[in-house]
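# Overview (structure and organization)
Now for the letters of each chain:
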Amino acid sequence: MNTSIKLLTLAGVLCAALLTVNAADQKAPEGPKGGRLLEKTEPKAEFFVEKDHTVTITFYDAALKPVAVAAQTVTVIAEAKDAKKTVEFEKKGDVLVSKSKLPAGGGYNVIVQLKASAEARPQNFRFELDLHTCGGCKRAEYACTCHE
Ligand SMILES: [Zn+2]
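One structure accompanies this document, and this report is about it.

Conventions we followed
- Residues numbered from 1 in each chain as written.
- Predicted model: local features only at pLDDT ≥ 70, side-chain atom pairs only at ≥ 80, totals over all residues.
- Heavy atoms only, no water.
- Helix = DSSP H or I, 4+ residues; strand = E, 2+ residues; numbered from the N terminus.
- Buried < 20%, exposed > 50% of the residue type's maximum accessible area, 1.4 Å probe, protein only.
- Contact = heavy atoms within 4.5 Å.
- Areas by Shrake-Rupley, 256 points an atom, 1.4 Å probe, with all protein chains shown as cover.
- Pairing = 2+ DSSP bridges.
- Salt bridge = Lys/Arg side-chain N within 4 Å of Asp/Glu carboxyl O.
- Core = buried A, V, L, I, M, F, W, Y, C linked by side-chain atoms within 4.5 Å.
- Donors = N, O, S within 2.8 Å, 3.2 Å for Na, K, Ca; no water.
- Tetrahedral: all angles 85-135°; square planar, octahedral: opposite > 155°, others 65-115°.

## Concerning the overall build of the protein chain
Looking only at helices and strands, the protein chain has one helix and nine strands in total. Every one of the 148 residues in the protein chain was classed for burial, and the buried ones make up 34%. Sequence-distant contacts, at least 24 apart, represent 44% of the contacts inside the protein chain between residues at least 6 apart. Carbon and sulfur atoms make up 56% of the accessible area of the protein chain, which totals about 9,200 Å².

## Some thoughts on the pairing of strand S7 (residues 95–98)
Neither face of S7 is exposed, since Val95 and Val97 on one face and Leu96 and Ser98 on the opposite face are all buried. In the sheet, strand S3 (residues 55–60) pairs with S7 via two bridges, with the strands oriented antiparallel. By the bridge assignment, threonine 56 is partnered in S7 with valine 97. Here strand S6 (residues 84–92) pairs with S7 via four bridges, running antiparallel. The residue bridging phenylalanine 89 from the neighbouring strand is serine 98, located in S7. Following S6, the chain reverses through two residues before pairing antiparallel with S7; glycine 93 in that reversal takes a positive phi of roughly 65°.

## Structural notes on the pattern of salt bridges
All chains considered together, the criterion is met by three salt bridges. Across the pair glutamate 30 and arginine 139 runs a salt bridge whose closest N-O atoms are separated by 3.6 Å. Taken together, the residues glutamate 30 in the loop between helix H1 (3–25) and strand S1 (36–38) and arginine 139 in the segment after strand S9 (123–129) connect sequence positions 109 residues apart. Ionic pairing is found between glutamate 79 and arginine 126, a salt bridge with its closest N-O pair at 2.9 Å. Highlighted residues: glutamate 79 in strand S5 (residues 73–79) and arginine 126 in strand S9, separated in sequence by 47 residues. Overall, the relative accessible area of 51% leaves arginine 126 in the exposed class.

## Quick look at the nonpolar core
Counting 27 residues, the largest nonpolar core has Phe47, Ile57, Val76, Leu102 and Tyr142 as the members making the most contacts within it. Listed by contribution, the elements that provide at least two residues to this core are strand S2 (44–49), S3, S5, S6, strand S8 (108–115) and S9. Setting aside chain neighbours within four positions, we find leucine 102 in contact with Val49, His53, Val55, Val76, Ala78, Val87, Tyr108 and Leu129.

## Observations concerning the pairing of S2
The buried fraction of S2 is high, at five of six residues. Of the pairings in the sheet, the one linking S1 to S2 comprises three bridges and is antiparallel in character. By the bridge assignment for S2, arginine 36 is matched with phenylalanine 47. A loop of five residues connects S1 with S2, the two strands running antiparallel in sequence, and lysine 40 in this loop sits at a positive phi of about 55°. One ladder, built from six bridges, connects S2 with S3; its direction is antiparallel.

## Some points on the coordination of the zinc ion
Looking at the zinc ion, one finds its protein donor set to be Cys134 (SG), Cys137 (SG), Cys144 (SG) and Cys146 (SG), positioned 2.3 to 2.4 Å from the metal centre. Each of the four donor atoms bound to the zinc ion contributes to angles spanning 105 to 113°, and the resulting shape is tetrahedral. Written as a sequence motif, the donor arrangement for the zinc ion is C-x2-C-x6-C-x1-C.

This is the structure we're talking about:
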């Protein structure tokens, strides 16, 4: 490892430590279905993995009352170890449901691309799809609200 890489690694560790401290101050809002609320979405979008590994995206107003999907579109890119998979969504009633399933298991990164409308710039949300249950909040780790 050369010196510049060492410094970069050190900087990364310090950043992570600072982020952890900040996150501890503010508890993440809970997705009503038990999923992950995507930050800075309006209306709020919740990413929820169903038992059969399909994904449901539900939208909520500021008071977390469900609102029907409007012009939003979502694509999820699953970065599973053996195969990268793109999952498309379609409207079903008031929510968006995935047309195919996420790769089996978990522990890989997903990128959720949300467009508020056809013309809007996509918002990207990248996080690890950890499906284990958190001991603190009893939610799936990907939707954990503890920030331990
Ligand atoms: Zn938790």
